[in-house]
Amino acid sequence: FESKLDKRALLKLSIIFAIEGLFQPQFFVLCLILYLLASFWFHRKEPFNLNHYLLSTFALGILLILLSAFWLQGFIQTSIFTEISPSHAEFFSPKLTQGVPAIAKILSMNGFWREAAYTTTYNTLPLPIWYTLLAILIILALIGYFTTKDTKAKFFYSAWWISLLLAAGISHPYSKPLFDFLFNNIPLFSGFRDSHKFVAILALSYSYLCYQ
């Protein structure tokens, strides 16, 4: 966006997206979410040219399809999406365990559906210490946001809230209606039946805001 979406920037961006998709298709979608959010915070700083933005985004889409055609065609042809039901979202959603609410787990970047099979900080540390460390993490992120007027901080702060809302999924009454709507109406969104994957954006936001 600093280069006003010139050809070189679009090519770099499409290559990065394609590489992310090779690791996991969901990461490909996360990159698209970040692109749309970045469009709001960074592209709007300049005199907004809707035609240029739409043309650049269309060109980016074409490049993404060309670079990712190999795995996209196989991914789209699979029947897995038609087999995913709301019961899957319930099974894979973050849960209340050991007295730790799902939203607290998401804020601490825990809450994945197989966490019982792993050693996590909240089940090894005394809970008062764990909550204290979580509070420090959140406070550092808030300090990083409120002590700078950098537009990048606003971008990551917005990404933090959006990822928190989506990662909580159906486990919280505030986020459940939105997640249910997206799950039932947006094509391929059911691939995020384990809503914890959105924590990737949360971790990215923490890393920038706390660094600030």
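Residues numbered from 1 in each chain as written. Predicted model: local features only at pLDDT ≥ 70, side-chain atom pairs only at ≥ 80, totals over all residues. Heavy atoms only, no water.

1. What about the overall build of the protein chain?
And step 1. Secondary structure assignment for the protein chain yields 10 helices and zero strands.
And step 2. In the protein chain, the succession of helices and strands from N to C terminus is α-α-α-α-α-α-α-α-α-α.
And step 3. What you see for the protein chain is a C-alpha radius of gyration of 19 Å, in line with the 17 Å of a compact globule of 212 residues.
And step 4. Taking the principal axes of the C-alpha coordinates as reference, the protein chain spans close to 55 × 50 × 30 Å.
And step 5. Relative to its full complement of 212 residues, the protein chain shows a buried share of 40%.
And step 6. At a minimum sequence separation of 6, the contacts of the protein chain that also span at least 24 residues come to 69%.
And step 7. Seen as two clouds, the 15 positive and the 10 negative side-chain charges of the protein chain have centres 6 Å apart. (Helix = DSSP H or I, 4+ residues; strand = E, 2+ residues; numbered from the N terminus. Rg over C-alpha atoms; globule rule 2.2 N^0.38 Å. Buried < 20%, exposed > 50% of the residue type's maximum accessible area, 1.4 Å probe, protein only. Contact = heavy atoms within 4.5 Å. Lys, Arg positive; Asp, Glu negative; His and termini not counted. Charge placed at Lys NZ, Arg CZ, Asp CG, Glu CD.)

2. Describing the pattern of salt bridges
And step 1. With the rule as written, the count across this model stands at three salt bridges.
And step 2. Between lysine 105 and glutamate 115 there is a salt bridge whose closest N-O contact spans 2.6 Å. On the criterion of sequence distance, the pair formed by lysine 105 in helix 6 (residues 102-107) and glutamate 115 in the loop between helix 6 and helix 7 (127-146) is long-range, its members being 10 residues apart.
And step 3. Given a relative accessible area of 6%, glutamate 115 falls into the buried group.
And step 4. Across the pair aspartate 194 and lysine 197 runs a salt bridge whose closest N-O atoms are separated by 2.4 Å. The residues aspartate 194 and lysine 197 share a single accessibility class, namely buried. (Salt bridge = Lys/Arg side-chain N within 4 Å of Asp/Glu carboxyl O.)

3. Description of the packing of aromatic side chains
And step 1. Applying the stated rule across the entire model yields 18 aromatic pairs.
And step 2. Between phenylalanine 42 and phenylalanine 155, the ring centres sit 5.4 Å apart and the planes meet at 45°, which makes this aromatic pair tilted. With phenylalanine 42 in the loop between helix 2 (25-41) and helix 3 (50-77) and phenylalanine 155 in helix 8 (residues 151-168), this residue pair connects regions lying 113 residues apart in the sequence. Here the two residues phenylalanine 42 and phenylalanine 155 agree in accessibility, since each one is buried.
And step 3. Relative to tryptophan 130, the ring of tyrosine 122 lies with its centre 6.0 Å away and its plane at 70°, an arrangement referred to as edge-to-face. Tryptophan 130 matches tyrosine 122 in its accessibility class, with the two residues each being buried. (Phe/Tyr/Trp six-rings, centres within 6.5 Å; stacked < 30°, edge-to-face > 60°.)

4. Thoughts on the confidence of the model for the protein chain
And step 1. For the protein chain, the average pLDDT comes to 85, and 95% of its residues sit at 70 or higher.
And step 2. The spread of mean pLDDT over the elements of the protein chain runs between helix 4 (residues 80-83), the lowest at 67, and helix 7, the highest at 94. (pLDDT = per-residue confidence, 0-100.)

5. Observations regarding the environment of threonine 97
And step 1. Positionally, threonine 97 belongs in the loop between helix 5 (86-92) and helix 6.
And step 2. Owing to a relative accessible area of 29%, threonine 97 belongs among the partly exposed residues under this scheme.
And step 3. Apart from the residues lying within four places of it in its own chain, the contact partners of threonine 97 are Lys105, Glu115 and Tyr122.

6. Some remarks on the environment of isoleucine 201
And step 1. On the secondary structure map, isoleucine 201 appears in helix 10 (residues 199-211).
And step 2. Separated by 116 residues in sequence, isoleucine 201 and serine 85 have C-alpha atoms that sit 25 Å apart.
And step 3. In this structure isoleucine 201 touches Leu30, Ile33, Leu34, Ala159 and Ser163, once residues within four positions along its chain are discounted.

7. A closer look at the packing of helix 2 against helix 8
And step 1. Orientation of helix 2 relative to helix 8, taken along the N-to-C sense of each, is 140°, at an axis distance of 10 Å. Viewed along their axes, helix 2 and helix 8 adopt a mutual orientation that is oblique. For the element pair helix 2 and helix 8, the recorded crossing hand is right-handed. Touching Leu34, Leu37, Ala38 and Trp41 of helix 2 are Thr151, Lys154, Phe155, Ser158, Ala159 and Ile162, all from helix 8.
And step 2. Partitioned by chemical class, the residues of the contact of helix 2 with helix 8 number seven nonpolar, two polar and one charged. (Axes fitted to C-alpha atoms, helices over the stretch in contact; angles between N-to-C directions. Parallel < 35°, antiparallel > 145°, perpendicular 65-115°, else oblique. Left-handed = near helix turned anticlockwise from the far one by under 90°. Nonpolar A, V, L, I, M, F, W, Y, C, P; charged D, E, K, R; others polar.)

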